[in-house]
Amino acid sequence: VVVESTFVFVAIFSNGSTTNRETWAHNISNGTSWQLSTMDGTTFNAPVIGDVVYFTQTISSNPWLYAYNASNETFWQVASGQFYSPFEVDGILYGSVSPCCGQSSKLRAHNPDNGTTWDAAVPWSLDPLNMGGTLYYAGSPTGTSNVKLWAYEPSNSTRISLIFY
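Residues numbered from 1 in each chain as written. Predicted model: local features only at pLDDT ≥ 70, side-chain atom pairs only at ≥ 80, totals over all residues. Heavy atoms only, no water.

## What about the packing of aromatic side chains?
Then, number 1: Inspection of every chain in the model, using the stated rule, returns five aromatic pairs.
Then, number 2: Each ring, one from F13 and one from W24, has its centre 6.2 Å from the other, and the planes form 55°; the classification is tilted. On the criterion of sequence distance, the pair formed by F13 in strand β2 (residues 6–14) and W24 in strand β3 (residues 19–27) is long-range, its members being eleven residues apart.
Then, number 3: Classification of F13 by relative accessible area gives partly exposed; the value is 38%. (Phe/Tyr/Trp six-rings, centres within 6.5 Å; stacked < 30°, edge-to-face > 60°. Helix = DSSP H or I, 4+ residues; strand = E, 2+ residues; numbered from the N terminus. Buried < 20%, exposed > 50% of the residue type's maximum accessible area, 1.4 Å probe, protein only.)

See the structure below:
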């Protein structure tokens with residue numbers, strides 16, 4: 001992911017017996033590189049808002065949301081808890097929370113402007129389709145095997161069940 005003149009990427013290092021994934025940054029203008037984190041990160045399709053790239057770093061097998069600001073070279077944890085595959089709609093970051101302990105999967109939201117994080121929709125699937133700002137996804141309520149097609153409208157935080165199947 002390129003932010004301003006900085007390329008943020010995950011590097012894989014292997015010595016034959018162990019493999020480590022680390023998050024790095026490289027300034028294209030001056031040719032310098034530096035390590036952001038030794039944690040396993042994912043920058044593929046990472047959303048960029050202004051000078052900040054948002055991506056996941058794995059902690060205890062769970063991806064958490066982190067950010068890197070290219071203009072002031074700061075790196076920080078944005079929100080605690082799972083945040084799979086972040087994407088942005090109208091300045092709000094969304095990511096999935098995988099099901100655990102009999103709970104449904106959830107859509108988690110984070111507002112970078114005020115720092116708030118909340119569960120936006122339950123149930124949720126890991127592969128939403130964003131069409132015109134409305135998110136479409138399949139999911140089943142907790143304790144059921146009935147899968148439904150849902151729509152989530154971020155502008156007014158409403159969730160609608162569209163089709164049973």
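## Side note on the pattern of salt bridges
Then, number 1: All told, the structure shown has one salt bridge when counted by the stated rule.
Then, number 2: The shortest N-O distance in the salt bridge between D119 and R108 comes to 3.2 Å. Note that D119 is positioned in strand β13 (residues 116–121) and R108 in strand β12 (residues 106–111), a separation of eleven residues in sequence.
Then, number 3: A relative accessible area of 37% means that D119 is categorised as partly exposed.
Then, number 4: Assessed through its relative accessible area of 13%, R108 is described here as buried. (Salt bridge = Lys/Arg side-chain N within 4 Å of Asp/Glu carboxyl O.)

## Quick notes on the side chain of N27
Then, number 1: Following the sequence through the fold, N27 ends up in strand β3.
Then, number 2: Within the structure, the side chain of N27 is placed 3.1 Å from the backbone nitrogen of N30, a separation counted as a polar contact.
Then, number 3: Apart from the residues lying within four places of it in its own chain, the contact partners of N27 are S5, T6, T32 and W34. (Polar contact = N/O pair within 3.5 Å; in protein donor to acceptor, adjacent residues only side chain to side chain. Contact = heavy atoms within 4.5 Å.)

## Digging into the nonpolar core
Then, number 1: Listed in full, the eleven residues of the largest apolar core are V3, V8, A25, W34, L36, A46, V53, F55, Y66, Y68 and A70.
Then, number 2: Looking at this core, the elements that each hand over two or more residues are β4 (33–37), β7 (52–59) and β8 (62–69).
Then, number 3: Aside from chain neighbours lying at most four places away, what touches L36 is V8, T23, W24, A25, Y68 and F75. (Core = buried A, V, L, I, M, F, W, Y, C linked by side-chain atoms within 4.5 Å.)

## A word on the confidence of the model for the protein
Then, number 1: A residue-level look at the protein finds 78% of positions with pLDDT of 70 or above and a mean pLDDT of 80.
Then, number 2: Confidence, read as mean pLDDT per element, is least for strand β17 (residues 158–164) in the protein (66) and greatest for strand β6 (residues 48–49) (93). (pLDDT = per-residue confidence, 0-100.)

## Thoughts on the environment of E22
Then, number 1: Tracing the sequence through the fold places E22 in strand β3.
Then, number 2: The exposure class of E22 is buried, given its relative accessible area of 13%.
Then, number 3: Between the C-alpha atom of E22 and that of S37, which follows or precedes it by 15 residues, the distance is 5.8 Å.
Then, number 4: Excluding residues that lie within four positions of it along the chain, E22 makes contacts with F9, V10, A11, F13, Q35, S37, T38 and M39.
Then, number 5: There is a polar contact of 2.8 Å between the side chain of E22 and the side chain of Q35.

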